[in-house]
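Single-letter residue listing:
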Amino acid sequence: MTPRALIRLRARNGRGRAATPLRERLIEIGLLACGALSVLVTAGILLVLAFETFSFFGRVSLAEFFGDTRWTPLFADKHVGIWPLVAGTLLTSAIAIAVALPFGLLAAIYLSELASPRARRILKPTLELLAGVPTIVYGTFALVFVTPLLQRVVPDLAGFNALSPGIVMGFMIMPMISSLAEDALYAVPGSLREASYALGSSKLPTIFRVVLPSATSGIAAAVTLAISRAIGETMVVTIAAGQQPNLTLDPRVPIETMTAYIVSISKGDTPTGTLEYQTIFAVGSMLFLMTFAMNAISHRMARRLRHGAGQA
Amino acid sequence: MSPHRTSTPGRARPKIVADEVTAGFGDKTVLRAISMEIEENRVTAIIGPSGCGKSTFIRCINRMHEQSPIARIAGRVLLDGQDVYDRSVDPVLLRRRVGMVFQKPNPFPTMSIRDNVLAGLRLTGTLRRKAATEVVERSLGQAALWDEVKDRLDDPGGSLSGGQQQRLCIARALAVEPEVLLMDEPCSALDPIATARIEDLLHTLRDHYTIVIVTHNMQQATRVSDRTAFFLGGDLVELAATDDLFTRPRDPRTEDYITGKFG
Amino acid sequence: MRAPGPAQRRRRRTGERLFFLLCLASVLVPLAMLATLIGDVVLDGAGRLSWEFLRGTPSRRASAAGIWPALIGSLTLIGLTALLAVPVGVAAAVYLEEYGRRSRMAGIIEVNIANLAGVPSIIYGLLGLEVFVRLFGMGSTVVAGACTLALLVLPVVIMASREALRTAPDALREGAVALGATRWQAIRQVVLPLALPGILTGAILAVARALGETAPLIVVGAVVFITFTPDLGSQYTALPIQIFNWVSMPQKAFLDNAAAAIVVLLVVLLLLSSTAIFLRNKYQARL
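What you are looking at is a predicted structure, and each value in this text was computed from that prediction instead of being measured.

### Quick word on the overall build of chain C
Part 1: A tally of regular secondary structure across chain C gives 11 helices and zero strands.
Part 2: Each helix and strand of chain C, placed in order from N terminus to C terminus, yields the pattern α-α-α-α-α-α-α-α-α-α-α.
Part 3: For chain C, whose C-alpha radius of gyration is 25 Å, the value lies well above the compact-globule estimate of 19 Å for 287 residues.
Part 4: If you line up chain C on its principal axes, its C-alpha atoms span 75 × 70 × 35 Å.
Part 5: Looking at the 287 residues of chain C, the share that counts as buried comes to 51%.

Structure (structure tokens):
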């Protein structure tokens, strides 16, 4: 057998198509470019928000934005205090978490500690279905079914209110908490549970005194992520909570969230470059900062879970 | 250790020459200045306890060692007199001349038996359509697998038994028509019967290929190889004709190893 | 320490049972809510479902209104989104898993993707508005909407594809390289076919997500009242937008229309998910 060349020649080596190193390099660069697109997107979001928000604060002072308690940028008597929108967002999110946390945590305990393998196999994916339903469907449900239902029980509940979408959002994000919390519980080493049983403890105290405390980082990560999700939710609150910016803690009256405000302006014909147009970016920046902060905290907690094997 | 370059008559010319090959991972050195010759159309076995660098050595021959991001290597490896680590050499082309069979059979599960055999040619874009059937039959025949699978060439590669899968991997490596075949403990995952079949195979393959086989089984080395190299702790301790190494070892460490005092 | 007596053991067991039921309820109550939601939607909407409804266009009279432009808009939208997001997403995943394991660039990309996954969808709408609609001059067309949604679902595709690529054992990559294949040859012919089921699942998940999105589309200008079948250069609408419009109207007849449109939306989603599961099982079986 005659020795064949080891050195790559520029021309074909007579044995069919040879992939040149140049082509390999080009492919690698192409793939890298696709990955780098995500960096571009982040940069794009930051730039767009910063640009329009900067213009906005050329017209409106920071004192007004953070000092005023009314939000009426479209009226002749303009007030651009962000607090009513923030309050609306926080109110609905708080109600959502108040629902999602207990349900999510107890469901996680059930799936992780108490359920039979068969029950777990069936119920876990079924629970994921909740997360798969589009938010517009949940919004419609909140307005059309839940609000009238609650009106029978809660006195003076307005047609648009924070309670109804809050509750529906709670059920919507509950699978998120239950799934992440379950991972955290699962990560608790079996040896800890065994040690507890060996000391004579029964199932319940073991769960509450040993398993849960070990999983707090993971559970905290799940909750902060859910808060971020609730803050960023749009359609449920747009449809069911109303479009009236109201600085209040009363869940029975109409309010407007930051996300709902952006929708309401976008629906209409707002010319670009006007103050009204820029308000959606200013509000968007606020929204971005809040969700980013929550995501960062959640990420920190999750890292503690991974490194400390769940130790709080 | 000084290299063993005896020149007894009847010896084949060297196909592969290792010249002061030192290799490692990160801070750890696994091979220390290995110099040896591997003769053409012979079977050379490499024996030694775990961790002595046998696998790393053969992976230095086909430049698979550098696949690891922390791999280091120094020295030369000459194939037909040409240093494979020279800057101008393309490792991809090298691997088409020096084939490898792994410890655990790794046929491609998404491909049929036929496609597995042709995989080497397809992957590198060197398959000629018309020759395909002939290549499949020839390679499977060389690997002593043709009769067993000739009626089910379209079955998935993973549907064979362990021993058959390994012979399929051998066929796949042979289809590329390499000159050298490196085998890294090819039988350690197989039962004795499958092992015996592959050992029989090596006797026929030797006429056309230069074979280097890493094995932890000394009896296997005596059964299949013409020359044997004994590695210990990253050093080449002794290289001799197999009979000589096992009956009249020159180094006391070799004697200790083959009499079972350690490893 | 005294062993617990029978009364104490009984109490403990009752306590355990109650807790068990409480936890079980935490799983069943949300599911019951979901069932109620679907039941309510079907009850309200079933009456309006008909061939005329599917083929009709929106109208001021609720009884004459239909969802054809919205349906076409949605299908076009998710088709374009998939066309944009899937190749780019798979390419990015291949880079991260196969090429960039140790590079700093890969680390930066990874962090970015994790962040982007947590950004609210309406922010993507704002990005799309400034960049695609205004800066690139696409206007409020389906293409702008698809580009926006593609960016939104990109992290989903990338994460699912990475998972899929990871399932390919290293031994196979080594086998391919030992035969003399280049890295890309090994990826394209050995690794990608193995990862195909997972990649497909990711693609369908992304498409399902895009189908249900409303907020970003409103921001980039999907309008509500379209009586013609939209094309790539015209204004457009989508199912969720149409639903949103009808829900915003006080008359009950429009609410019924919304319910019917929701049924259509859910059916399409169900078809997509079933296809995903079917395809994944089919490909997994042949391994």
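### Focus: the overall build of chain B
Part 1: Scanning chain B from terminus to terminus reveals 10 helices and 10 strands.
Part 2: Whereas a compact globule of 263 residues would reach a radius of gyration of roughly 18 Å, chain B reaches 18 Å, a difference of no more than 12%.
Part 3: Structurally, chain B occupies a C-alpha span of about 55 × 45 × 40 Å along its principal axes.
Part 4: Put simply, chain B has 263 residues, and 48% of those count as buried.

### Section: the interface of chain C and chain A
Part 1: Across the contact, 61 residues belong to chain C and 61 residues belong to chain A.
Part 2: In terms of residues, the side of chain C that touches chain A owes the most to one element, helix α1 (residues 6–46) of chain C, which gives 17 residues.
Part 3: Residue composition of the side of chain C that touches chain A, grouped by class: 45 nonpolar, 10 polar and six charged.

### Side note on the packing of helix α1 (residues 21–59) of chain A against helix α4 (residues 104–117) of chain C
Part 1: Where α1 of chain A contacts α4 of chain C, the two axes come as close as 9 Å, and the packing angle between them is 50°. Judged by the inter-axis angle, α1 of chain A sits oblique to α4 of chain C. Between α1 of chain A and α4 of chain C lies a crossing whose hand is left-handed. Where α1 of chain A abuts α4 of chain C, its residues L32, G35, A36, S38, V39, V41 and T42 of chain A lie against M105, I108, I109, N112, I113, N115 and L116 of chain C.
Part 2: Taken together, the residues of the contact of α1 of chain A with α4 of chain C sort by class into nine nonpolar, five polar and no charged.

### What about the packing of helix α3 (residues 68–99) of chain C against helix α10 (residues 239–247) of chain C?
What describes two packed helices is the angle between their axes and the distance between those same axes.
Residues and elements named next belong to chain C.
Part 1: Viewed as axis vectors pointing N to C, α3 and α10 meet at an angle of 140°, and their least axial separation amounts to 7 Å. The angle between α3 and α10 places the two elements in the oblique class. In contact with A70, L71 and S74 of α3, α10 contributes L239, I241 and Q242.
Part 2: In the contact of α3 with α10, the residues fall into four nonpolar, two polar and no charged.

### So, the nonpolar core
For soluble globular proteins, the rule of thumb is that nonpolar side chains tend to be buried together.
Part 1: In this structure, I177 and A226 of chain A together with V157 of chain C are the most contacted members of the largest nonpolar core, which totals 269 residues.
Part 2: The leading source of residues in this core is helix α3 (residues 83–114) of chain A, at 18 residues.
Part 3: If we skip the residues at most four places from it in the chain, V157 of chain C touches A85, V86, G89, V90, G202, A203 and A206 of chain C.

### Thoughts on the sheet that holds strand β10 (residues 235–241) of chain B
Residues and elements named next belong to chain B.
Part 1: Taking strand neighbours across the sheet as the criterion, the six strands line up as β6-β7-β8-β3-β9-β10 in an open arrangement whose pairing is mixed. The open sheet has two edge strands with one neighbour each: β6 (98–101) and β10. Taking each pair of neighbouring strands and ignoring which way they run, the sheet shows an average axis angle of 20°.
Part 2: By the bridge criterion, five bridges tie strand β7 (residues 180–184) to strand β8 (residues 210–214) in an arrangement that is parallel. By the bridge assignment, L182 is partnered in β8 with V212.

### Digging into unusual backbone geometry
What is expected of a backbone is that most residues other than glycine have negative phi and most peptide bonds are trans.
Residues and elements named next belong to chain B.
Part 1: Positive phi, normally seen in glycine, also occurs at N41, with a value near 50°.
Part 2: The residue N41 is located in the loop between β2 (28–39) and β3 (43–47) in this model.
Part 3: With a phi angle near 45°, E185 is a residue other than glycine that sits in the positive phi range.
Part 4: Here E185 shows up in the loop between β7 and α7 (192–205).

### Some points on the environment of V264 of chain C
Residue and element names in this part refer to chain C.
Part 1: Topologically, V264 is positioned in helix α11 (residues 252–285).
Part 2: Judged by the 20 C-beta atoms lying within 10 Å of it, V264 is buried.
Part 3: The sequence separation of V264 and I277 amounts to 13 residues, and the corresponding C-alpha distance is 20 Å.

### Some thoughts on the sheet that holds strand β4 (residues 71–79) of chain B
Part 1: Taking strand neighbours across the sheet as the criterion, the four strands line up as β2-β1-β4-β5 (chain B) in an open arrangement whose pairing is antiparallel. Unpaired on one side and paired on the other, β2 and β5 (82–83) of chain B mark the two borders of the sheet.

### Observations regarding the environment of G118 of chain C
Part 1: Among the structural elements, G118 of chain C can be located in the loop between α4 and α5 (121–135).
Part 2: C-beta crowding within 10 Å serves as the criterion here: with 18 such atoms nearby, G118 of chain C is assigned to the partly exposed category.
Part 3: Ignoring sequence-local partners within four residues, the contact set of G118 of chain C consists of S228, T291 and N295 of chain A.

### Quick word on the pairing of β3 of chain B
Residues and elements named next belong to chain B.
Part 1: For β3, a buried count of five out of five residues is recorded, marking the element as mostly surrounded by other parts of the structure.
Part 2: Residues of β3 alternate between two faces, with V43, A45 and I47 on one and T44 and I46 on the opposite face, all of them buried.
Part 3: As paired strands, β3 and β8 are joined by four bridges and run parallel to one another. Considered in β8, the bridge of T44 is made with V212.
Part 4: Across four bridges, the pairing between β3 and strand β9 (residues 227–232) is parallel. Note on β9: the bridge partner recorded for I47 is F230.

### Structural notes on the pairing of β2 of chain B
Residue and element names in this part refer to chain B.
Part 1: Alignment of strand β1 (residues 14–25) against β2, held across eight bridges, turns out to be antiparallel. Counterpart to I16 in the pairing with β2 is I38.
Part 2: Once β1 ends, the chain turns through two residues before running back antiparallel as β2, passing G26 with a positive phi of about 60°.

### Some details on helix α5 (residues 135–153) of chain A
Part 1: Helix length check: α5 of chain A (19 residues) gives 25 Å between terminal C-alpha atoms against 27 Å at 1.5 Å per residue, within 8%.
Part 2: At A142 of chain A, α5 of chain A is bent by approximately 40°, the largest bend along its length.

### A closer look at α7 of chain B
All names here are of chain B.
Part 1: Here α7 spans 20 Å end to end across 14 residues, near enough to the 20 Å set by a 1.5 Å rise per residue.
Part 2: Residues of α7 that are buried include every one of I198, L202 and L205, and no others. In a view along the axis of α7, the buried residues occupy a sector of 70°, so they form one face of it. What points out from α7, more than 90 degrees from its buried face, is the exposed set P192, I193, H203 and T204.

Parameters at a glance
Residues numbered from 1 in each chain as written. Chains lettered and ligands numbered in written order. Predicted model: local features only at pLDDT ≥ 70, side-chain atom pairs only at ≥ 80, totals over all residues. Helix = DSSP H or I, 4+ residues; strand = E, 2+ residues; numbered from the N terminus. Rg over C-alpha atoms; globule rule 2.2 N^0.38 Å. Buried ≥ 20, exposed ≤ 12 C-beta atoms within 10 Å, placed from the backbone. Contact = placed C-beta atoms within 7 Å. Nonpolar A, V, L, I, M, F, W, Y, C, P; charged D, E, K, R; others polar. Axes fitted to C-alpha atoms, helices over the stretch in contact; angles between N-to-C directions. Parallel < 35°, antiparallel > 145°, perpendicular 65-115°, else oblique. Left-handed = near helix turned anticlockwise from the far one by under 90°. Core = buried A, V, L, I, M, F, W, Y, C linked by C-beta atoms within 7 Å. Pairing = 2+ DSSP bridges. Expected span 1.5 Å × (residues − 1). Bend = angle between axes of the 7 residues up to and from the residue. Arc of directions from axis to C-beta.

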